[in-house]
Every structure is written in C-alpha cells, then in structure tokens.
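# Understanding the architecture of this molecule
Listed below, chain by chain, are the residues.
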Amino acid sequence: MTRVRRVEDTNSRRGVNWAGVWNSSITSYYLILWTTGTLVVLGLVMVLSSSSIESLDRSGNAYGIFTKQLLFAVAGAVALAVACRIPLRIYKSLAWILFGGSLLLQTLVFTPLNGMSGGVLGNNNWFAIPGTPISLQPSEFIKVTLSILLGTMLSRTLATSKSWVHVLVPTGAASLAALGLVMAGNDLGTALVICLVIASAFFVAGIPLKWFAGLGALGAVAVAIFVIPNGNRMGRIMAAYDSTCDASDQLCYQVIRGLEGLGSGGLTGVGLGSGSEKWKYLPEAQNDFIFAVIGEEIGFLGSLLVLLAFVSLGIGMVRVILRHQDPMVKITTAGIAAWILGQALINIGVVTRILPVIGVPLPLVSAGGSALVATMLALGVVLSFARTEPGAQEAFSARPSMVRKTIAVISSSSGRSRRSS
C-alpha cells in the first residue's frame with residue numbers, strides 16, 4: 001500500500017508540474033519560438049536537398065539556392081529578434097506608416113524601374129532591386145502590415161464607435177487597397193491568403209456574421225471575375241478534380257508528380273538527399289511542392305513532423321489570442337495566424353490534390369527569401385505580444401538568462417577542478 005501511495009503521489013506531482021508548465025505565462029513565447037526555429041532549420045535542410053540539382057544546372061554551384069536561402073534565414077532571424085523587442089505602443093503608432101510603406105513597395109512592381117516587368121510564372125509581384133541579384137515580393141510584407149493595421153484600427157474604432165459602418169469603412173478601404181494591388185499583379189494565391197487575414201481579423205473583432213455573408217458574396221464575385229476569364233486558371237482548377245487526368249496532360253503533370261513523390265517515401269522515406277523527383281521531374285520542387293520532397297525523402301514520419309510543428313505554432317498563437325487582454329493584440333495575432341496556418345493548409349492541400357494548384361509556398365519551409373523574412377518578422381511581432389501576456393514580464397525577469405546559466409555552470413565546473421587538483 002505504501003509503495004502504491006508513493007507512485008500515486010509521484011504521478012500527482014508530475015501532473016501538477018505539467019499543468020504548471022502549460023499554464024505558465026511564458027509558454028506561448030517559447031512554444032512559438034522553438035517551433036519557428038524547428039521549421040526554419042527543417043526548411044533549410046530540405047531546400048538544400050531539393051534544390052541542389054536545379055542550382056547546379058543553373059549556375060554550376062549545387063549550393064547556390066541554399067546559400068541564398070540561408071542568408072535570408074539569417075536576415076529573418078534578425079528581423080524576428082528586433083520585432084519581438086519592439087513595444088506594443090510602437091506598433092500601434094506606426095501601423096499606418098508601415099502599411100503605407102508596404103503598399104508603396106507593391107506599386108514599384110508596376111513601374112519601369114522594375115527589371116522583372118515580366119513577372120515570375122505569370123505573377124507580376126516581384127521587384128528587382130537595381131544593381132543587385134536580389135528580388136523582393138512586397139505582397140509578403142503587406143500581410144504583416146495589414147494584420148497590424150487591422151488590429152490597430154479595429155480595436156480603436158470598436159472602442160469609440162457603436163456603428164459597424166464606422167468600423168468597416170476605413171478598414172474595408174485599407175483591405176481593398178491591399179487586395180487590389182496584389183490582384184493587379186495577377187497573384188491569386190497571395191490574394192486568397194490576404195482574404196484569410198481580413199476575415200480572421202474581422203471575426204475576432206466581433207463583426208456580426210451577417211456582414212460576413214455580404215463580404216463573402218463580394219469575395220466570390222471578385223474571384224469569379226478574376227478566375228473564369230483566365231483559361232489557364234480554370235484549366236488547373238478543373239484538372240485537380242478530374243480523375244482521368246494523368247501526367248501526360250500538362251495541367252496535371254505537376255500535381256501527379258507531386259503525389260508520386262509524396263507517396264513513394266513510405267514510413268521513413270528513401271533517405272535525405274536520395275529522392276528522384278528533384279531531378280527535373282517535379283517543377284518547383286524547392287518552392288511550392290517542397291512538401292512532396294519531404295514525403296519522398298523522410299517519409300510519412302517527416303511529413304507528420306511538419307504537420308505537428310504547424311499545429312504547435314497554431315496552439316502558441318491561439319494561446320496569445322485567448323490570454324492577452326489587449327484587443328489589438330488579439331486581432332493582429334488572429335490575422336497572422338490565419339495567414340501562416342491557412343497558407344500551410346493551402347500548400348499541403350495542393351500537394352495532396354485536395355485543392356487546385358494555386359501557387360503559395362509552405363511557410364518557413366519553402367525556398368523564397370521574401371516569404372521567409374516576412375513570416376519570421378510576423379512571428380517576431382507575435383512573440384513581442386507574447387512577452388506582454390499577463391505575468392510574462394515578471395516571469396522573464398525571474399528567469400536567469402542563458403548566458404548567466406552558462407557562466408554559472410562553467411564557474412562551478414572550474415571551481416571543482418581546482419579543488420580536486
């Protein structure tokens with residue numbers, strides 16, 4: 001009986017400890033931070049594996065694409081570190097300036113200054129920086145700034161106005177400006193993700209559902225106008241749900257090859273670097289279809305790891321939404337969460353042929369500098385919010401820094417060594 005009671009007491013204490021960890025005011029911060037780091041590192045490994053053949057063919061250097069991605073990852077890490085230290089009041093005061101700056105960058109893709117006036121794969125949403133080999137996709141940064149702007153505007157107007165018209169008119173104008181510029185560049189995938197940002201922000205702000213019906217109808221009309229006249233887009237949509245379509249059809253080739261790669265890995269994959277789809281068989285293997293390479297090379301378990309990482313990231317952001325007291329934080333975090341998690345679901349849905357080929361990368365994993373930096377910047381904003389959860393500041397102040405821990409361990413070890421000698 002005594003032994004049983006001791007086991008029960010031990011299990012009880014473990015349960016209390018786990019509950020304490022989960023309810024900690026800094027759990028959201030570390031959950032988001034470590035998950036982001038995991039996805040970025042995994043993405044770098046898979047970009048190296050999936051891009052080596054194409055990079056070798058392009059420039060004679062198998063590490064060319066990976067090196068660029070690594071540099072952007074470092075830039076993203078700096079952006080995340082800076083963003084997570086910026087106070088909430090600064091984001092509120094600079095919301096319009098940041099949004100206006102991102103719109104100005106987006107207009108540059110339509111100017112004669114842009115050396116990429118032809119766009120990429122039919123999308124004119126990239127801007128080549130003169131005199132450098134670097135190109136930017138400003139629409140990625142619109143996702144960040146629009147989320148911050150919607151959070152700031154909706155929280156302010158809801159606090160001062162009882163009329164939903166007064167709330168929706170300014171936010172609707174900003175949203176339409178962002179969508180209009182992105183759609184003018186013929187980028188339907190990014191436009192759909194921005195719609196997720198807008199809908200999520202409005203939902204968390206408490207906009208009545210009847211307004212969503214009207215907004216949804218307008219969105220459906222806009223998509224129909226944008227898609228139906230475009231024969232290539234309609235063909236891709238129809239091909240995704242045509243069971244008779246095979247790899248001999250150009251519209252089906254990419255998704256069929258992606259499914260073959262995803263399904264050929266089995267439980268543990270054929271081995272990192274040993275996949276065959278990247279050998280010019282699967283277009284955009286390191287970009288939109290990198291999830292297929294993950295399934296082929298590290299198998300079902302690797303694919304499951306990616307899914308669990310995004311679930312973990314979502315849990316961290318939902319915690320911030322539920323636990324924080326500031327409406328601006330709740331709304332902005334909801335927009336960023338809808339963007340990152342929604343884009344991940346769209347990308348995976350395309351690779352698994354649940355959705356038609358839309359052309360959006362897997363956040364934090366796919367090759368693409370602008371997307372990586374913008375996503376890490378947005379997560380830095382959420383980390384800044386997580387640092388101001390109730391009780392978080394006190395918890396961070398009470399925890400010794402990693403540097404102090406390391407110095408203490410080294411000091412104690414050297415002290416023991418001197419005493420033993």
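Definitions and cut-offs
Residues numbered from 1 in each chain as written. Predicted model: local features only at pLDDT ≥ 70, side-chain atom pairs only at ≥ 80, totals over all residues. Heavy atoms only, no water. Helix = DSSP H or I, 4+ residues; strand = E, 2+ residues; numbered from the N terminus. Buried < 20%, exposed > 50% of the residue type's maximum accessible area, 1.4 Å probe, protein only. Contact = heavy atoms within 4.5 Å. Areas by Shrake-Rupley, 256 points an atom, 1.4 Å probe, with all protein chains shown as cover. Expected span 1.5 Å × (residues − 1). Bend = angle between axes of the 7 residues up to and from the residue. Core = buried A, V, L, I, M, F, W, Y, C linked by side-chain atoms within 4.5 Å. Axes fitted to C-alpha atoms, helices over the stretch in contact; angles between N-to-C directions. Parallel < 35°, antiparallel > 145°, perpendicular 65-115°, else oblique. Left-handed = near helix turned anticlockwise from the far one by under 90°. Nonpolar A, V, L, I, M, F, W, Y, C, P; charged D, E, K, R; others polar. Phe/Tyr/Trp six-rings, centres within 6.5 Å; stacked < 30°, edge-to-face > 60°. pLDDT = per-residue confidence, 0-100. Salt bridge = Lys/Arg side-chain N within 4 Å of Asp/Glu carboxyl O. Patch = residues over 30% accessible without salt bridge, like charges linked within 9 Å, V, L, I, M, F, W, Y side chains within 5 Å. Arc of directions from axis to C-beta.

## Some words on the overall build of the protein
Counting its secondary structure elements, the protein contains 15 helices and two strands. Taken across its 421 residues, the protein has 47% of its residues classed as buried. Considering only contacts within the protein whose residues lie at least 6 apart along the sequence, 73% involve residues at least 24 apart. When the accessible surface of the protein is split by element, carbon and sulfur atoms take 68% of a total near 20,400 Å².

## Side note on unusual backbone geometry
Of all residues except glycine, most have a negative phi; of all peptide bonds, most are trans. Notably, arginine 353 is not glycine yet its phi reads approximately 65°, a positive angle. Examined against the element boundaries, arginine 353 turns out to sit in the loop between α12 (327–351) and α13 (369–386). With a phi close to 70°, leucine 364 is a non-glycine residue in the positive phi region. Residue placement: leucine 364 occurs in the loop between α12 and α13. Given a relative accessible area of 5%, leucine 364 falls into the buried group.

## Some points on helix α11 (residues 290–323)
Here α11 spans only 34 Å end to end across 34 residues, well under the 50 Å set by a 1.5 Å rise per residue. Taken as a whole, α11 carries its principal kink of about 130° at isoleucine 298.

## What about the nonpolar core?
Ranked by internal contacts, the top residues of the largest apolar core, which has 96 residues, are Leu313, Trp339 and Leu362. The element contributing the most residues to this core is α12, with twelve residues. Among residues more than four places away in sequence, those in contact with tryptophan 339 are Glu140, Lys143, Val144, Val193, Val197, Ala374, Thr375 and Ala378.

## A few points about the environment of serine 303
Considering the arrangement of structural elements, one finds serine 303 in helix α11. The exposure class assigned to serine 303 is buried, which follows from its relative accessible area of 8%. Counting along the chain gives 35 residues from serine 303 to threonine 268, while the straight-line C-alpha distance between them is 9.6 Å. Contacts of serine 303, omitting those with residues within four sequence positions, involve Leu262, Phe291, Ile294 and Gly295.

## Quick word on the packing of α12 against α13
It is the contact of α12 with α13, at a shortest axis distance of 10 Å, that shows an interaxial angle of 150°. Overall, the two elements α12 and α13 adopt an arrangement that is roughly antiparallel. Where α12 crosses over α13, the handedness of that crossing is left-handed. Taken together, the residues of α13 that come into contact with α12 (itself represented by Met328, Val329, Thr332, Thr333, Ile336, Trp339 and Ile340) are Ala374, Thr375, Ala378, Leu379, Val381, Val382 and Phe385. Broken down by class, the residue content of the contact of α12 with α13 amounts to eleven nonpolar, three polar and no charged.

## Digging into the packing of aromatic side chains
Tallied over the entire structure, the rule returns three aromatic pairs. Centre to centre, the rings of tyrosine 91 and phenylalanine 385 are 6.1 Å apart; their planes meet at 75°, and the pair counts as edge-to-face. Here tyrosine 91 is found in helix α4 (residues 88–107), whereas its partner phenylalanine 385 is found in helix α13, with 294 residues between them in sequence. Phenylalanine 385 shares its class with tyrosine 91; the two are buried. Judged by centre distance (6.3 Å) and plane angle (75°), the ring pair of tryptophan 96 and phenylalanine 99 falls under edge-to-face. Separated by three residues within a single helix, tryptophan 96 and phenylalanine 99 lie in helix α4, roughly one turn from each other. Taking the relative accessible area as the measure of exposure, phenylalanine 99 reaches 2% and is therefore buried.

## Quick look at the confidence of the model for the protein
With 77% of its residues at a pLDDT of 70 or more, the protein shows a mean pLDDT of 81. With pLDDT under 50 throughout, residues 1–16 is counted as low confidence; its partners more than four residues away or in other chains account for zero contacts.

## Focus on the pattern of salt bridges
Between side chains of opposite charge, a pair can form as their charged atoms come close. Considering all chains together, one arrives at six salt bridges under this definition. Linking lysine 92 and aspartate 326 is a salt bridge whose minimum nitrogen-to-oxygen distance equals 2.7 Å. One end of the pair, lysine 92, is in helix α4; the other, aspartate 326, is in the loop between α11 and α12, with 234 residues separating them in the sequence. You can call aspartate 326 buried: its relative accessible area is 16%. Beyond isolated ion pairs, a larger network of salt bridges with shared partners links Arg257, Glu260 and Glu277.

## Looking at the packing of helix α7 (residues 188–205) against α12
At a minimum axis distance of 8 Å, the contact between α7 and α12 shows a crossing angle of 140°. Taken together, α7 and α12 sit at an angle that is classed as oblique. Note that α7 runs across α12; the crossing there is right-handed. Residue-level inspection shows Val193, Leu196, Val197, Ser200, Ala201, Val204 and Ala205 of α7 in contact with α12, the latter providing Lys330, Ile331, Ala334, Gly335, Ala338, Trp339, Gly342, Gln343 and Ile346. Classifying every residue of the contact of α7 with α12 gives eleven nonpolar, four polar and one charged.

## Observations regarding a nonpolar patch on the surface
Taken together, the side chains of Leu267, Phe300, Leu301, Leu304, Leu307 and Leu308 define a hydrophobic patch exposed on the protein surface, amounting to about 550 Å² of accessible area. Residue placement: phenylalanine 300 occurs in helix α11. Residue phenylalanine 300 is classed as partly exposed on the basis of its relative accessible area, which comes to 49%.

## Re the environment of leucine 355
Its location among the elements puts leucine 355 in the loop between α12 and α13. Here leucine 355 falls in the partly exposed class, since its relative accessible area comes to 28%. Through-space distance from the C-alpha of leucine 355 to that of leucine 345 is 9.7 Å; in sequence the pair is ten residues apart.

## As for helix α3 (residues 64–83)
Over its 20 residues, α3 runs 29 Å from end to end, which matches the ideal 28 Å to within 8%, given 1.5 Å per residue. All of the buried residues in α3 are Ile65, Phe66, Gln69, Phe72, Ala73, Gly76, Ala79, Leu80 and Ala83. Down the axis of α3, the buried set is contained in an arc of 130°. They therefore lie on one face. On the buried face of α3, the contacting elements are α2 (27–59), α4 and α13.

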